[in-house]
Amino acid sequence: MPEKIECRSYEPQTSKPVRGTCLWFSDKKGYGFLLSDKGRSCMVHYKNIKERGFKRLYTGQRVTYEEKLTAKGLLAVNVKYEKVLTFIQKKNMEYRWLF
């Protein structure tokens, strides 16, 4: 029987927060993807957003999170909004200001 070999070259630090930007997020599906400042992308599920109210992200929104390595790839956990003013423009030309 062949021996199983682990070939992952990246081990994330789950204790250190990562800063990044939301690439896209679907309210209907409940998940999306984030891009870290270092260029790594990871999936985010709405259950991992640790904010009050409706759990959603906007394209271009700045967040901090922790990365967790799963069987399917990187998963963002403990996602929190950055409390800075962010300008977001949607495709249909609606403008939003987030605080």
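Heads up: these notes are all about the structure in this document. (Residues numbered from 1 in each chain as written. Predicted model: local features only at pLDDT ≥ 70, side-chain atom pairs only at ≥ 80, totals over all residues. Heavy atoms only, no water.)

Side note on the nonpolar core
Stage number 1. Grouped together as the largest cluster of nonpolar side chains are 14 residues, with contacts concentrated most on Leu-34, Val-44, Leu-57, Tyr-65 and Val-79.
Stage number 2. Every element with two or more residues in this core is listed here: β1 (18-26), β3 (41-45), β4 (62-70) and β5 (73-81).
Stage number 3. No other element matches the four residues that β5 contributes to this core. (Core = buried A, V, L, I, M, F, W, Y, C linked by side-chain atoms within 4.5 Å. Buried < 20%, exposed > 50% of the residue type's maximum accessible area, 1.4 Å probe, protein only. Helix = DSSP H or I, 4+ residues; strand = E, 2+ residues; numbered from the N terminus.)

Overview of the packing of aromatic side chains
Stage number 1. Inspection of every chain in the model, using the stated rule, returns two aromatic pairs.
Stage number 2. With a centroid separation of 5.7 Å and 65° between ring planes, the pair formed by Trp-24 and Tyr-31 is classed as edge-to-face.
Stage number 3. Its relative accessible area of 34% is what places Trp-24 among the partly exposed residues.
Stage number 4. Measuring from centroid to centroid gives 5.6 Å for Trp-24 and Phe-33, while their planes differ by 45°, and the two rings are tilted.
Stage number 5. Taken together through their ring pairs, the aromatic side chains of Trp-24, Tyr-31 and Phe-33 make up a single cluster. (Phe/Tyr/Trp six-rings, centres within 6.5 Å; stacked < 30°, edge-to-face > 60°.)

Thoughts on the pairing of β5
Stage number 1. Where burial is concerned, most of β5 is hidden: seven out of the nine residues are buried.
Stage number 2. The pairing of β3 with β5 spans two bridges and is classified as parallel. Considered in β5, the bridge of Met-43 is made with Leu-75.
Stage number 3. Where β4 folds back on β5, the antiparallel hairpin that results is connected by two residues. (Pairing = 2+ DSSP bridges.)

Here we look at the sheet that holds strand β2 (residues 31-36)
Stage number 1. Taken together, the five strands give a closed barrel; going around it, the order is β1-β2-β3-β5-β4, and neighbouring strands pair in mixed fashion. Each strand axis lies, on average, 50° off the axis of its neighbour in the sheet, ignoring direction.
Stage number 2. Note: β1 against β2, six bridges, orientation antiparallel. The residue bridging Thr-21 from the neighbouring strand is Leu-35, located in β2. (Axes fitted to C-alpha atoms, helices over the stretch in contact; angles between N-to-C directions.)

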